[in-house]
Each structure stands twice: as structure tokens, then as C-alpha cells.
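# A structural walkthrough
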Amino acid sequence: MIHGQIEDGGTQWKDIALTEGSDGKWSVKGSFKAGQFGIRALNQSGDQKGWWGGDTKVTGSGASDITTENGNLKLTKDGTYTFIFDPETATLEVVAPVTAIDAIEVEAAANVDVVTILGVVVRHNVPAADATQGLPAGLYIVGGQKVLVK
């Protein structure tokens, strides 16, 4: 289970149950508040038998939102996360949802032909980025795709 302040952001440490998967990893998904926490294992009688805190390896898309403080892990901002803990490797994977797209990378397109809707080739083997520059308004087929030039 996760034991810490991240359930409600308060000063009280509370337990958050983890579900053990068929792969032996423990996980939970939810909305969490900034605060300190750790992962603890309990025996059958409810006594703590293991603690993973600030020395735990943290990976995943949300790893930058985790620091250490006082020997514990610390979630630095509120958000929705999935925590996946592997007790065999003492690794915590923190998955944060995508909240923004910083950039879109587009591969450079091959050269294309530009054809009118009547089938007349008006440009042959030109770079796709420049294919419609300077063309009169109309509907064209550029590299096999319909394109409207205004």
C-alpha cells in the first residue's frame, strides 16, 4: 500500500490500497495531492514488513513530479497518476496523463505531383510543402490527397 499525505494533501499519513497484478507488481490509479509518501508491505497480521521511500528508483512519464524529502518520496504537484510498484526491483513507475502537446514532429514528405480535378498535371515531382504555393484557387489532387486552394 501507499502510505502518505497524497490522498488529501493533509498532514495526516493515510493508507491507499494497491492492487497486486498477475505480474507481481502493485498498482493504483487516482487523483492525488502533493505530499510525502512511501510504499509499505504488511504481513498477514497487519504489521509492516517492508518500506520503500526515498531510495526507491522512480521511472515513467510522471517521474519528474517525484522528489525525495526526509527519506520519503514526495509528489510535488496535484494530479491524476498511476503508480506501479515492483517490489522485486524496488522500482516505482509513475504514469502521468498527457496534458499538452509541446511539439509535433513531421517527417519530410517525398516529392509529389499536383493534378487538377480534370486530370491535368500542373506540377511534377515538387516538394509537398511547396506544392500549392502560387496556384490559382481551386481543387487539386496533391500526392493522392484532395486539397482546396483558396
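Higher on the page you've got the structure.
Keep in mind that what you see is a predicted model, and the values were worked out from it rather than measured. (Residues numbered from 1 in each chain as written. Predicted model: local features only at pLDDT ≥ 70, side-chain atom pairs only at ≥ 80, totals over all residues. Heavy atoms only, no water.)

## Remarks on a nonpolar patch on the surface
On the surface, a cluster of nonpolar side chains totalling about 610 Å² of accessible area is made up of Ile117, Leu118, Val120, Val122, Leu139 and Leu148. The residue Leu148 is located in strand β15 (residues 145-149) in this model. (Patch = residues over 30% accessible without salt bridge, like charges linked within 9 Å, V, L, I, M, F, W, Y side chains within 5 Å. Areas by Shrake-Rupley, 256 points an atom, 1.4 Å probe, with all protein chains shown as cover. Salt bridge = Lys/Arg side-chain N within 4 Å of Asp/Glu carboxyl O. Helix = DSSP H or I, 4+ residues; strand = E, 2+ residues; numbered from the N terminus.)

## Re the side chain of Asn72
Within the fold, Asn72 resides in strand β9 (residues 72-75). Residue Asn72 is classed as buried on the basis of its relative accessible area, which comes to 13%. At 3.0 Å, the side chain of Asn72 forms a polar contact with the side chain of Gln36. With residues near it in sequence (within four places) discarded, Asn72 still touches Trp13, Gln36, Phe37, Trp51, Gly53, Gly54 and Thr67. (Buried < 20%, exposed > 50% of the residue type's maximum accessible area, 1.4 Å probe, protein only. Polar contact = N/O pair within 3.5 Å; in protein donor to acceptor, adjacent residues only side chain to side chain. Contact = heavy atoms within 4.5 Å.)

## Quick word on the environment of Ser27
One can find Ser27 in strand β4 (residues 26-32). Overall, the relative accessible area of 29% leaves Ser27 in the partly exposed class. In this structure, the C-alpha to C-alpha distance between Ser27 and Asp55, residues 28 residues apart in sequence, is 19 Å. Beyond its immediate chain neighbours, meaning those up to four positions away, Ser27 contacts Leu18, Thr19, Phe83 and Ile84.

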